[in-house]
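Here's the letter readout for the chains.
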Amino acid sequence: QHAISTSSHEDARRIHSASMVISVLVALVAGAVIAIFGNSVYQIWTAGQLTVPSSVWPLLALGILLNSLWWSSGLVHQAFNQPWYMNCTAIVVSIFSLSLMAVLGSLWAITGIVTGYLLFDMLMTTVIYRRSLILLNDTAEASIRRGVKMIRLHEIRRILGFGSI
């Protein structure tokens, strides 16, 4: 927010790229844990009362990754004092996704519901990430390239104001 309010858009682009990289890395770890151990933990947690197909767990893991992308990009909208865009998008996409969940849930049970949930996160990622790039006057290619470069800890520390290692 400070970078945007002081018109330091290059810093804002760097912060956005760094937050995207950090979010993706955390989401990949969390997604891997859910994909690998989710069913076992869920069976213990519910005492085996509800069986979730094993194909659902990787879908939920993908949902975590997609959610991390749009949620992190949504902070750009707040920094530009335009939270209404993300909120309105979420309402429209939710109505569509919930309708789809009802239809797919009646056809494929929990797998259909999770598919509708994934569609929500895919649409939100597409719309919110793209709009964030527009607000930052950035491109996906440049943002990804910058983010990959910033994986180095000292670069992330410098941008966040902690100096170099």
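Structural data are supplied above this passage.
Cut-offs used in this document
Residues numbered from 1 in each chain as written. Predicted model: local features only at pLDDT ≥ 70, side-chain atom pairs only at ≥ 80, totals over all residues. Heavy atoms only, no water. Phe/Tyr/Trp six-rings, centres within 6.5 Å; stacked < 30°, edge-to-face > 60°. Lys NZ or Arg CZ within 6 Å of the ring centre and 35° of its normal. Buried < 20%, exposed > 50% of the residue type's maximum accessible area, 1.4 Å probe, protein only. Helix = DSSP H or I, 4+ residues; strand = E, 2+ residues; numbered from the N terminus. Arc of directions from axis to C-beta. Contact = heavy atoms within 4.5 Å. Axes fitted to C-alpha atoms, helices over the stretch in contact; angles between N-to-C directions. Parallel < 35°, antiparallel > 145°, perpendicular 65-115°, else oblique. Nonpolar A, V, L, I, M, F, W, Y, C, P; charged D, E, K, R; others polar. Salt bridge = Lys/Arg side-chain N within 4 Å of Asp/Glu carboxyl O.

Q: Would you mind showing me how to read the packing of aromatic side chains here?
A: Two aromatic rings are characterised by how far apart their centres lie and by the angle between their planes. Within the structure shown, the criterion is met by five aromatic pairs. Ring pairing ties together the aromatic residues Tyr42, Trp45 and Trp57, which thus form one cluster. The ring of tyrosine 85 has arginine 131 lying over it, and the distance from NZ or CZ to the ring centre is 4.5 Å.

Q: Explain helix α6 (residues 140-149) to me, please; I cannot follow it from the model alone.
A: Residues three or four positions apart in an α-helix share a direction because the helix packs 3.6 residues into each turn. Among all positions in α6, only Ser143, Arg146 and Gly147 are buried. One side of α6 carries all its buried residues, which in axial view fall inside an arc of 100°. Exposed and facing more than 90 degrees away from the buried side of α6 are Glu141, Ile144, Arg145, Val148 and Lys149. Its buried side turned inward, α6 meets α2 (9-45) and α5 (110-135).

Q: When you look at the environment of alanine 35 in this model, what are you seeing that I'm missing?
A: Structurally, alanine 35 can be placed in helix α2. Taking the relative accessible area as the measure of exposure, alanine 35 reaches 36% and is therefore partly exposed. Residues in contact with alanine 35, not counting those within four places in the same chain, are Trp57, Pro58 and Ala61.

Q: Just checking my understanding: could you explain the packing of α2 against α5 for this structure?
A: Between two packed helices, what matters for the description is the angle formed by their axes and the separation of those axes. Taken N-terminus to C-terminus, the directions of α2 and α5 make an angle of 155°; their axes are 10 Å apart at the nearest point. In terms of axis orientation, α2 runs roughly antiparallel to α5. In this structure, α2 contributes His9, His16 and Met20 to the contact, and α5 contributes Tyr129, Ser132, Leu133 and Leu135. Of the residues that constitute the contact of α2 with α5, the class distribution is four nonpolar, three polar and no charged.

Q: Would you take a moment to explain unusual backbone geometry for this structure?
A: Note: most peptide bonds trans; most residues except glycine with negative phi. A positive phi angle, near 60°, is found at asparagine 81, a position not held by glycine. Considering the arrangement of structural elements, one finds asparagine 81 in the loop between α3 (56-79) and α4 (83-108). For alanine 109, which is not glycine, the phi dihedral falls at a positive 60°.

Q: Which parts of the structure should I look at to understand the environment of valine 127?
A: Relative to the helices and strands, valine 127 is located in helix α5. In this structure the C-alpha to C-alpha distance between valine 127 and threonine 89, which are 38 residues apart in sequence, comes to 7.9 Å.

Q: Looking at this structure, I do not really get the pattern of salt bridges. What am I missing?
A: Between side chains of opposite charge, pairing is possible as soon as their charged atoms come close. In total, this model carries six salt bridges according to the counting rule given. As a salt-bridge pair, glutamate 10 and arginine 13 come within 3.1 Å of each other at their nearest N and O atoms. With glutamate 10 and arginine 13 both in helix α2, this residue pair falls three residues apart, about one helical turn. Looking at arginine 13, the relative accessible area reads 13%, which means it is buried. A salt bridge links glutamate 141 to arginine 145, with the nearest nitrogen and oxygen atoms 2.8 Å apart. Placement of the pair is glutamate 141 and arginine 145 together in helix α6, with a separation of four residues, close to one helical turn. A relative accessible area of 58% places glutamate 141 in the exposed class. Each of Glu10, Asp11, Arg13, Arg14, Asp138 and Arg146 takes part in a single network of salt bridges with overlapping partners.

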